[in-house]
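Coordinate inspection notes
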Amino acid sequence: MSQNIRALSARYCRDQTLFEALLEAGRATGAPSHAQLRVLAEESLVSPATLLGAASFYDFLAEDNRNKQAYVCNGTACLLAGGQETVRARLAVQFPDARIGEAACLGHCYRGGAYRIGDRCFDTGAGSDSGREAGPPFHRHTARSVFGDNGDAAGAGALYRQVSEMAISAPVSLLDELSISGLRGRGGAGFPFADKLAACRSAPAGRKYVVCNGDEGDPGAFSDRWLLEERPQRVLAGMLAAGLAMGADTGFLYVRAEYPLAQKRVAEAIEAFEQTPVFAQTGFRFHLIPGAGSYICGEETALLNSIEGLRPEVRTRPPYPAQAGLFERPTLVSNVETFAALPWILEHGGAAFAALGTEASTGTKLVSLDQGFNNPGVHEVAMGTALERVIYGYGGGFRTAMKAVQVGGPLGGVVPVEKIAALSLDFESFAGEGFLLGHAGIVGIPQGFPMIEFLRHLFTFMADESCGKCLPCRLGTEKGRRMLMEATADNPVDGAAFDDLLETLELGSLCGLGGGLPLPVRNILSHFRAELADYFRSGAGHE
């Protein structure tokens with residue numbers, strides 16, 4: 001069934017994808033009407049029910065979004081910072097309550113108190129309204145910066161020329177340099193990038209695609225937002241190099257709805273690229289796809305379904321995107337930071353990049369520190385740097401007493417402060433201690449914030465964002481949420497049943513949303529057992 005719809009979507013996609021047509025239909029009121037869906041169904045030959053099933057999944061296309069004019073950020077960093085009710089009260093002066101909605105995370109974690117009006121995002125910072133879209137501050141802590149230089153549009157033409165010449169004339173050498181660099185995907189999974197690219201290059205000749213996953217939905221992470229707003233040329237150059245080397249002529253950038261300024265900057269960068277000689281010589285085209293509000297679109301196959309106009313559910317694998325990705329064609333999918341690193345590697349060599357990190361986790365990493373730090377913002381650090389140095393040195397320590405940090409978003413690790421000294425910023429160190437580095441966004445959890453509330457927040461977020469494709473995740477996240485919401489000292493959670501639920505999520509889920517949730521939950525149950533004792537009967541978190 002999905003293949004048939006995918007084929008119809010591919011036929012419809014010329015200057016506009018089916019998903020973009022859905023966005024256009026909902027632009028005026030916040031949700032497409034049934035009449036608009038029927039018209040689109042006649043044009044695309046896709047049934048109105050299928051189109052409604054896709055549109056209704058997204059925060060900014062669902063019926064609940066109709067006529068909303070402003071949004072309060074309900075992301076983890078803003079929740080822990082407090083002040084959301086203050087923001088809502090401020091918006092209530094301008095808008096009726098029915099016109100105020102919520103957004104999962106607006107990427108203003110470095111200041112807190114984020115909100116959106118129309119197509120602009122703001123924050124209240126430490127108290128007074130910033131009144132403007134202030135981007136994240138950038139801090140460089142490496143001898144050689146992979147991202148800190150050449151971010152201006154003036155040098156973009158030379159950048160495009162350099163990477164395209166190498167990709168066209170010496171694609172094998174390009175792959176060799178990437179292999180030597182040891183670059184691993186920066187979106188969280190850490191898969192070797194050169195292996196992905198090689199698989200796509202070796203796929204049978206024909207139409208291929210390169211897709212940049214700019215759906216940075218992890219609350220607490222905003223490094224991709226910084227790159228898309230301040231270094232879009234480097235992202236395009238990385239996609240161009242990879243695309244030409246694998247035989248693709250089209251690149252799609254999927255940028256989340258919560259980043260309107262990033263969408264604007266990327267659109268401007270694409271327009272500028274189309275005025276360069278490299279565009280005339282290669283014919284390589286970039287296509288910007290604005291998101292519509294869905295955390296699961298950070299998963300690569302759900303993202304591909306989204307672009308196609310299907311409901312953004314996770315696909316079963318195999319086949320993998322390198323074999324049958326966007327519109328069933330071989331597709332390279334990687335995240336913003338990964339693509340942005342390519343131009344530096346191709347200019348300075350893979351060995352130079354590898355020398356910046358550790359043997360297994362090479363290069364530098366952009367780390368997002370939230371408003372709970374004295375020096376918040378985007379920090380570029382070498383992989384392998386002691387986490388203690390990142391937090392207490394580069395980050396300046398905490399503004400208030402913290403009992404833990406969440407690293408890598410809701411599917412990352414929850415690290416108690418006493419374990420910080422045992423970790424370094426690399427995949428192996430975190431895994432060895434039972435945590436997960438993920439995207440490396442770091443959010444401080446205040447001493448006074450109850451861990452039972454944090455668990456409820458995690459399960460509520462996952463229950464809301466589950467795509468619903470597999471039963472363990474669709475039912476398990478909601479079951480866990482209900483168990484925790486009902487938990488009291490007089491009515492504690494059955495620990496053995498909760499452990500069984502976590503095991504079912506971990507082993508039975510199709511993707512990392514349901515499968516990854518047990519790790520941070522077990523981190524909390526293990527390290528904060530005394531605090532949670534009243535809420536769980538024996539069993540939960542015990543070996």
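Just above, that's the structure.
Please read these numbers as outputs of a predicted model, since none were measured by experiment.

**Quick word on the sheet that holds strand 1 (residues 70-73)**
- Taken in spatial order, the 4 strands line up as 2-1-3-4 in an open sheet, and their pairing is mixed. At either end of the open sheet lies a strand with only one pairing partner, and these are strand 2 (100-103) and strand 4 (120-123). Each strand of the sheet is rotated relative to its neighbour by a mean of 30 degrees, with strand direction disregarded.
- Inspection of the sheet shows strand 1 paired to strand 3 (residues 114-117) by 3 bridges, in the antiparallel sense. Within the sheet, the bridge partner assigned to Tyr71 lies in strand 3 and is Arg116.
- Contacts from helix 6 (residues 84-92) reach strand 1, strand 2 and strand 3, with the element oriented near 170 degrees to strand 1.

**Quick look at the sheet that holds strand 12 (residues 402-407)**
- The sheet built from 6 strands is open, its strands ordered 5-11-10-14-12-13 with mixed pairing. At either margin of the open sheet sits one strand with a lone partner, and together these are strand 5 (138-140) and strand 13 (413-416). For this sheet the average axis-to-axis angle between neighbouring strands, irrespective of direction, equals 25 degrees.
- With 4 bridges joining them, strand 12 and strand 13 adopt antiparallel strand pairing. Paired with Gln406 across the bridge in strand 13 is Val414.
- In the packing of helix 10 (residues 223-230) onto the sheet, the strands contacted are strand 5, strand 10 (364-369) and strand 11 (377-382), and the crossing angle to strand 10 comes to about 110 degrees.

**Overview of unusual backbone geometry**
- The omega torsion across Arg317 and Pro318 is 0 degrees, close enough to zero to call that bond cis.
- The topology assignment puts Pro318 in the loop between helix 14 (300-308) and strand 9 (331-335).
- The omega torsion of the bond from Pro318 to Pro319 falls at 5 degrees, within 30 degrees of zero and hence cis.
- Tracing the backbone through its elements, the reader meets Pro319 in the loop between helix 14 and strand 9.
- Positive phi outside glycine occurs at Phe327, with the angle close to 50 degrees.
- With respect to the helices and strands, the residue Phe327 is situated in the loop between helix 14 and strand 9.
- Of note, the phi angle at Glu328 is positive, near 70 degrees, even though the residue is not glycine.
- Relative accessible area serves as the criterion here: at 29%, Glu328 is assigned to the partly exposed category.

About the thresholds
Residues numbered from 1 in each chain as written. Predicted model: local features only at pLDDT ≥ 70, side-chain atom pairs only at ≥ 80, totals over all residues. Heavy atoms only, no water. Pairing = 2+ DSSP bridges. Helix = DSSP H or I, 4+ residues; strand = E, 2+ residues; numbered from the N terminus. Axes fitted to C-alpha atoms, helices over the stretch in contact; angles between N-to-C directions. Contact = heavy atoms within 4.5 Å. Buried < 20%, exposed > 50% of the residue type's maximum accessible area, 1.4 Å probe, protein only.

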